[in-house]
Amino acid sequence: MVVKTAVNPQVTQLLMSISEKMVELNHPPLDVLTPEQSREFYQIARSYFTPIQVSGVTVENTSFPSTKGHELPIRIYTPLGEGPFPVLIYFHGGGWVFGDLDSADNVCRYFSSMAGIVVISVGYRLAPEHKYPAAFLDAVESVKWTFENIKKWNGDLARIAVGGESSGGNLAAAAAIFFKDDEKFKLSHQFLITPVMDYSFDTLSYKANYKFNLTNEKMKWFWSHYLNDSSEGSEIFASPLKVLSAEHLPSTLLVTAEFDPLRDEGLAFGKRLKEAGVNVELLHYDDLVHSFINMIGTVDGAKQALEEMTIKLRELLHN
């Protein structure tokens, strides 16, 4: 692997523009930033992420009642054609604190159209109003709901995958572990994009102390809002890298970025899976940063990465 020594210049320019806007708006330091404020600033930052045009997808907003009594909103993307289609249950990023169906809308449309799959995007409960394991339990319920209902959207029960970005990748991996020996809800694949895999801050990629979008300090802030207590960080469904046995986990498409504090925990998880005999396809982007998936309309390298990821996803789910 040839490692570049610099971040993609378009990424640098984009992040500089966002940073200047945050300074202009007097973004508070993390030690006093509230989750409510973080969501407001996130919406402003999102305005810098230009969506790409996607056609050939039918979109339906609906919800289903969870066993806990709350409604779980989902957005269903169906491609052109007759099916049966492979299915991707997708969990958005946002550190378990922000993000929603809208923040993942562009990539979900793209995956559905270009990979020829049904995508179920899940609006799981957010922290700190709903701390761990609320989001994880919503992920589990969304998997069960999909298996029980997806035939209505011409989904193929033999090809149902979980996926997500960042904290959403964490939820996807945790759900895959939960169902790994379940014959009724047997997931075929997992698609993990720059996932949070471990409550630990001592990897080389953390020690590199990158300042591109996601920082060590931000990641600690997210964890502090997600967990009730730091001791929960040792639980497998919070830190999938701590899984005792990776055998029987589904075939995995893993995406990592070089300038990302989460890089090494993602790579370590891929290594664990390979050692357990799980098929792992790794796509590593050596000039990109965390959350590059949101930069696809602005950064050419991010768009190229999305195209490559989607081609590989299509190959895996259709073969």
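Here's the deal with the layout of surface pockets
Estimates place the volume of the largest pocket at around 960 Å³. Among the elements of the structure, helix H1 (9-24), helix H2 (35-46) and helix H7 (216-226) are those that each provide at least two residues to the lining of the largest pocket. At six residues, H1 tops the list of elements feeding residues into the lining of the largest pocket.

A word on helix H8 (residues 263-275)
Here H8 spans 19 Å end to end across 13 residues, near enough to the 18 Å set by a 1.5 Å rise per residue. Among all positions in H8, only Arg263, Asp264, Glu265, Gly266, Phe269, Gly270 and Leu273 are buried. Where the residues of H8 are buried, they touch strand E6 (189-193), helix H6 (204-207), strand E7 (251-259) and strand E8 (280-289). Gly277 sits one or two positions beyond H8 and adopts a positive phi of about 85°.

Section: the packing of helix H3 (residues 105-115) against helix H9 (residues 300-318)
Close contact between H3 and H9 brings their axes to 9 Å; oriented N to C, the two are set at 50°. Classified by the angle between their axes, H3 and H9 sit oblique to one another. The hand of the H3/H9 crossing is right-handed. On the side of H3, the interface is formed by Tyr110, Phe111, Met114 and Ala115, while H9 contributes Lys303, Leu306, Glu307, Thr310, Leu313, Arg314 and His318. Among the residues forming the contact of H3 with H9, the class breakdown is six nonpolar, two polar and three charged.

Examining the sheet that holds strand E3 (residues 85-91)
Pairing between sheet strands relies on hydrogen bonds along the backbone, with the strands arranged either parallel or antiparallel. Strand order in this open sheet of eight strands is E1-E2-E4-E3-E5-E6-E7-E8, and the pairing throughout is mixed. Of all strands in the sheet, those with a lone pairing partner are strand E1 (57-65) and E8, marking the two edges. Across the sheet, the axes of successive neighbouring strands diverge by a mean angle of 20°, strand direction being ignored. Of the strands in this sheet, E6, E7 and E8 touch H8, which is tilted by about 150° from E7.

Concerning the packing of aromatic side chains
Geometry of an aromatic ring pair is reported as the spacing of the ring centres plus the angle between the planes. By the definition in use, this model includes 25 aromatic pairs. Residues Phe136 and Phe178 carry aromatic rings whose centres are separated by 6.0 Å and whose planes lie at 75° to one another, so their mutual orientation is edge-to-face. With Phe136 in helix H4 (residues 134-149) and Phe178 in helix H5 (residues 167-178), this residue pair connects regions lying 42 residues apart in the sequence. The exposure class of Phe178 is partly exposed, given its relative accessible area of 38%. Taking the ring centre of Phe201 as reference, the NZ or CZ of Lys220 above it sits at 5.3 Å.

Some thoughts on the pairing of E7
Looking along a regular strand, one sees side chains alternate from face to face of the sheet. Burial analysis of E7 places nine of its nine residues in the buried class, which makes it a mostly covered element. Here E6 runs beside E7; their pairing, made up of five bridges, is parallel. For His189, the partnering residue across the bridge sits in E7 and is Ser251. Where E7 lies against E8, seven bridges are found, and the strand directions are parallel. Paired with Val255 across the two strands is Leu283, which belongs to E8. For the handedness criterion, the β-α-β arrangement of E7, H8 and E8 is classed as right-handed.

Describing empty space enclosed by the protein
Per the counting criterion, the structure on display carries one cavity of 30 Å³ or more. Reported here for the largest cavity is a volume of approximately 40 Å³. Taken together, Ala161, His189, Gln190, Phe191, Ser251, Thr252, Leu253, Leu313, Leu316 and Leu317 make up the full set of residues lining the largest cavity. Mapped by element, the contributors of at least two residues to the lining of the largest cavity are E6, E7 and H9.

Observations concerning the nonpolar core
Grouped together as the largest cluster of nonpolar side chains are 109 residues, with contacts concentrated most on Phe111 and Tyr226. Apart from the residues within four sequence positions on either side, Phe111 is in contact with Leu88, Tyr90, Gly116, Ile117, Val119, Phe191, Ile193, Ile293, Leu306, Thr310 and Leu313.

Re the packing of H4 against H5
At a minimum axis separation of 9 Å, H4 and H5 run at an interaxial angle of 60°. In this view, H4 runs oblique relative to H5, as classed from their interaxial angle. By crossing handedness, the relation of H4 to H5 is classed as right-handed. Of H5, the residues touching H4 (which contributes Ala135, Phe136, Ala139, Val140 and Val143) are Leu171, Ala174, Ala175 and Phe178. Here the contact of H4 with H5 is composed, by residue class, of nine nonpolar, no polar and no charged.

About the thresholds
Residues numbered from 1 in each chain as written. Predicted model: local features only at pLDDT ≥ 70, side-chain atom pairs only at ≥ 80, totals over all residues. Heavy atoms only, no water. 1 Å grid on protein atoms, 1.4 Å probe; cavity = no way out; pocket = protein on both sides within 12 Å on 5 of 7 lines; lining within 4 Å. Points joined across faces, edges and corners; volume = space filled by probe spheres on them. Helix = DSSP H or I, 4+ residues; strand = E, 2+ residues; numbered from the N terminus. Expected span 1.5 Å × (residues − 1). Buried < 20%, exposed > 50% of the residue type's maximum accessible area, 1.4 Å probe, protein only. Contact = heavy atoms within 4.5 Å. Axes fitted to C-alpha atoms, helices over the stretch in contact; angles between N-to-C directions. Parallel < 35°, antiparallel > 145°, perpendicular 65-115°, else oblique. Left-handed = near helix turned anticlockwise from the far one by under 90°. Nonpolar A, V, L, I, M, F, W, Y, C, P; charged D, E, K, R; others polar. Pairing = 2+ DSSP bridges. Phe/Tyr/Trp six-rings, centres within 6.5 Å; stacked < 30°, edge-to-face > 60°. Lys NZ or Arg CZ within 6 Å of the ring centre and 35° of its normal. Right-handed = clockwise from strand over helix to strand, strands pointing away. Core = buried A, V, L, I, M, F, W, Y, C linked by side-chain atoms within 4.5 Å.

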